[in-house]
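Remarks on the overall topology
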Amino acid sequence: MTDTDNRKWELLSSEYLIQRPWLTARRDHVRLPNGAEIPEYYILEYPDWINVIAITEDGKFVMIRQYRHGIGETNFELCAGVCEEGEEPVVSAQRELYEETGYGKGKWTLWMKASANPSTMTNMTYCYLAVGVEKISTQHLEATEDITVHLMDKEEVKALLMDGEIKQALMAAPLWKYFALEK
């Protein structure tokens, strides 16, 4: 059964609390369909994000490893990044893979589209599957990036998932989908 009733909240007022390049937060005053009001509902505005399951011709997953200050750990991840303003998500994904790993080419497919938290965040993450990628360059990292590249077979990536070593949910989800649909 599908609920086709639009339960959209009415926006009564909105105020920006902070607007910085990597953090924009606002406080909304909203009215729910039942008439109840929430005077302080906080929203984080982010640009869209991408990530890439990149697999070489010989079946190796192109993984990266980097430190994440929020949890204070260095973890294995998929190549990922921000969609630049006006840039199509697939172009962002191809650019990020090239910059972070030096890999490119291959056959690209939109694998899934997901939200980190649709209740309080405005952006979407576009997850791509890139098969048959090749090493075409060296890394082109920004001064604030400290990323190492690792080629892993599917059993190693599965083990990372099973052991909870891939902490980023927006990276674990497309990988779980990949392995669930693997033939």
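Notes on the structure in this doc start here. These numbers were taken from a predicted model, which means no experiment stands behind them.

1. Overview of unusual backbone geometry
- Unlike most non-glycine residues, Lys105 shows phi in positive territory, near 65°.
- In this structure, Lys105 sits in the loop between strand S8 (103–104) and strand S9 (107–114).

2. Description of the pattern of salt bridges
- For the structure shown, the criterion picks out 15 salt bridges.
- As a salt-bridge pair, Asp28 and Arg26 come within 2.9 Å of each other at their nearest N and O atoms. We note that Asp28, like Arg26, is buried.
- As a salt-bridge pair, Glu84 and Arg95 come within 4.0 Å of each other at their nearest N and O atoms. Highlighted residues: Glu84 in the loop between strand S7 (79–82) and helix H1 (89–101) and Arg95 in helix H1, separated in sequence by 11 residues.

3. Regarding the state of the cysteines
- Evaluation of the coordinates by the stated rule reveals 0 disulfides.
- Between Cys79, a cysteine without a disulfide, and Cys83, which holds the nearest cysteine sulfur, the sulfur-to-sulfur distance is 12 Å.
- Classification of Cys79 as buried rests on a relative accessible area of 0%.
- As a non-bridged cysteine, Cys127 has Cys83 as the owner of its nearest cysteine sulfur, 11 Å distant.

4. Quick look at the pairing of strand S3 (residues 37–45)
- As paired strands, strand S2 (residues 23–31) and S3 are joined by 7 bridges and run antiparallel to one another. Of the residues in S3, the one forming a bridge with Ala25 is Leu44.
- Count of turn residues in the S2/S3 antiparallel hairpin: 5 residues, of which Gly35 carries a positive phi of about 95°.

5. Describing the sheet that holds S3
- One open sheet holds the 3 strands; their spatial order is S1-S2-S3, and the pairing between them is antiparallel. The open sheet has two edge strands, strand S1 (10–20) and S3, and neither has a second partner. Here the strands of the sheet are splayed against their neighbours by 20° on average, with no regard to which way each runs.

6. Quick notes on the side chain of Asn51
- Among the structural elements, Asn51 can be located in strand S4 (residues 49–56).
- On the basis of relative accessible area, Asn51 is assigned to the buried category, the value being 2%.
- A polar side-chain atom of Asn51 sits 2.8 Å from the main-chain carbonyl oxygen of Leu170.
- Those residues within four positions of Asn51 in sequence are excluded, and the remaining contacts are Leu78, Cys79, Ala80, Thr125, Tyr126, Cys127, Tyr128, Leu170, Met171 and Pro174.

7. Examining the packing of helix H2 (residues 154–162) against helix H3 (residues 169–181)
- Two elements in contact, H2 and H3, have axes whose closest approach is 11 Å; the angle formed by their N-to-C orientations is 125°. What the angle tells us is that H2 and H3 run oblique. As for the relative orientation of H2 and H3, their crossing is left-handed in sense. On H3, the residues that touch Lys154, Val157, Lys158, Leu161 and Met162 of H2 are Ala172, Leu175, Trp176 and Phe179.
- Looking at the contact of H2 with H3 residue by residue, the class counts come to 7 nonpolar, no polar and 2 charged.

Cut-offs and rules
- Residues numbered from 1 in each chain as written.
- Predicted model: local features only at pLDDT ≥ 70, side-chain atom pairs only at ≥ 80, totals over all residues.
- Heavy atoms only, no water.
- Helix = DSSP H or I, 4+ residues; strand = E, 2+ residues; numbered from the N terminus.
- Salt bridge = Lys/Arg side-chain N within 4 Å of Asp/Glu carboxyl O.
- Buried < 20%, exposed > 50% of the residue type's maximum accessible area, 1.4 Å probe, protein only.
- Disulfide = S-S within 2.5 Å.
- Pairing = 2+ DSSP bridges.
- Axes fitted to C-alpha atoms, helices over the stretch in contact; angles between N-to-C directions.
- Polar contact = N/O pair within 3.5 Å; in protein donor to acceptor, adjacent residues only side chain to side chain.
- Contact = heavy atoms within 4.5 Å.
- Parallel < 35°, antiparallel > 145°, perpendicular 65-115°, else oblique.
- Left-handed = near helix turned anticlockwise from the far one by under 90°.
- Nonpolar A, V, L, I, M, F, W, Y, C, P; charged D, E, K, R; others polar.

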